[in-house]
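Now for the letters of each chain:
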Amino acid sequence: MPADKDLNELFLDTLKDIYYAEKQILKTLPKMAKAAQSEKLQAAFLKHQDETEGQIERLEQIFEMLGKPARGKKCDAIEGIIDEGKEIMDEYKGTQALDAGLLAAAQAVEHYEMSRYGTLKAWALKLNIPKAAKLLDQTLNEERKTDETLTKIAETAVNYEAAA
């Protein structure tokens, strides 16, 4: 086992992974907003687009704290989740089920992000980087709120309309 592969390295690798993921999400959100039929869903996607820009800035601050360049590392997981969302946009365009599918895809993204940010926050605390942990926690809370908003939209309108 290589001696240089420690928690610091894993933290940095995972930071690069979520940085890449956030950049991809930022590119995808306007397309999802445009595809959404529900105004509430469109608004949620656009609000999260603004939040994502702030989340990217926070990640850049953490890279700076570590004295490392802010660089992404291809994240196959987010690529797969985004591809599923694109498939839904193509296959369900113009149908009542489109928004329900977009919501499901968006929540898959949120759950991936919450998992990553929760892990990074725990590692930052373990590595004694409290400022990074605080920034990661801020983002984690935003992701949770977005997930709750999407759940409310799904429960109040979209899933009901998809079943009609």
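Above this text sits the structure in question.
Our subject in this report is the structure included herewith. Just so it is clear, the structure is predicted and the values come from calculations on it, not from any experiment.

Remark: the empty space left among the atoms is shown by a probe the size of a water molecule rolled over them. Applying the stated criterion to the full structure yields one cavity of 30 Å³ or more. If you add up the space inside the largest cavity, you get close to 170 Å³. Around the largest cavity sit 18 residues that line it, and Ile25, Leu29, Met32, Ala106 and Val109 are the ones nearest its centre. When contributions to the lining of the largest cavity are tallied by element, the ones reaching two or more residues are α1 (7-35), α2 (39-66), α3 (76-91), α4 (98-126) and α5 (130-163).

Attention now moves to the nonpolar core. Among the nonpolar cores identified, the biggest contains 45 residues, and Phe11, Leu41, Phe45, Ile78, Leu102 and Leu136 are the most heavily contacted of them. Setting aside anything within four residues of it in sequence, one finds Phe45 in contact with Leu29, Met32, Ala33, Ala36, Leu102, Ala106 and Leu150.

Summarising the element assignment, Lys73 is placed in the loop between α2 and α3. Taking the C-alpha atoms as reference points, Lys73 and Lys16, 57 residues apart in sequence, are found 5.1 Å from one another. Dropping the residues within four chain positions of it, Lys73 is found in contact with Asp13, Lys16, Asp17 and Tyr20. One polar contact links Lys73 to Asp13, side chain to side chain, over a distance of 3.5 Å.

Turning our eyes to something else, we now look at a positive patch on the surface. Where like charges cluster on the molecular surface, the positive patch consists of Lys23, Lys27, Lys31 and Lys86. Of all the elements, α1 adds the most residues to the positive patch, at three residues. Tracing the sequence through the fold places Lys31 in helix α1. On the basis of relative accessible area, Lys31 is assigned to the partly exposed category, the value being 47%.

Our next topic: the side chain of Thr28. Here Thr28 lies in helix α1. We classify Thr28 as buried; its relative accessible area is 8%. Reaching out from Thr28, the side chain makes a polar contact with the backbone oxygen of Gln24 at a distance of 2.9 Å.

A word on α1. Over its 29 residues, α1 runs 41 Å from end to end, which matches the ideal 42 Å to within 8%, given 1.5 Å per residue. Most pronounced at Thr28, the bend in α1 amounts to some 30°, and the proline Pro30 follows within four residues. One side-chain oxygen at the N-terminal end of α1 lies 3.2 Å from the backbone nitrogen of Asn8; it belongs to Asp6.

It is worth spelling out the pattern of salt bridges at this point. A full pass over the atoms with the stated rule returns six salt bridges. Where Lys47 meets Glu51, a salt bridge forms, and the shortest distance between an N and an O atom there is 3.4 Å. Taken together, the residues span about one helical turn, with Lys47 and Glu51 both in helix α2 at a distance of four residues. According to the relative accessible area criterion, Glu51 is buried, its value standing at 16%. For Arg58, the salt bridge is made with Glu142, and the minimal N-O distance between the two is 2.9 Å. A residue pair is termed long-range when its members are at least 10 positions apart, and Arg58 in helix α2 and Glu142 in helix α5 qualify at 84 residues. Its relative accessible area of 19% is what places Glu142 among the buried residues.

Reading guide: rules and limits
- Residues numbered from 1 in each chain as written.
- Predicted model: local features only at pLDDT ≥ 70, side-chain atom pairs only at ≥ 80, totals over all residues.
- Heavy atoms only, no water.
- 1 Å grid on protein atoms, 1.4 Å probe; cavity = no way out; pocket = protein on both sides within 12 Å on 5 of 7 lines; lining within 4 Å.
- Points joined across faces, edges and corners; volume = space filled by probe spheres on them.
- Helix = DSSP H or I, 4+ residues; strand = E, 2+ residues; numbered from the N terminus.
- Core = buried A, V, L, I, M, F, W, Y, C linked by side-chain atoms within 4.5 Å.
- Buried < 20%, exposed > 50% of the residue type's maximum accessible area, 1.4 Å probe, protein only.
- Contact = heavy atoms within 4.5 Å.
- Polar contact = N/O pair within 3.5 Å; in protein donor to acceptor, adjacent residues only side chain to side chain.
- Patch = residues over 30% accessible without salt bridge, like charges linked within 9 Å, V, L, I, M, F, W, Y side chains within 5 Å.
- Areas by Shrake-Rupley, 256 points an atom, 1.4 Å probe, with all protein chains shown as cover.
- Salt bridge = Lys/Arg side-chain N within 4 Å of Asp/Glu carboxyl O.
- Lys, Arg positive; Asp, Glu negative; His and termini not counted.
- Charge placed at Lys NZ, Arg CZ, Asp CG, Glu CD.
- Expected span 1.5 Å × (residues − 1).
- Bend = angle between axes of the 7 residues up to and from the residue.

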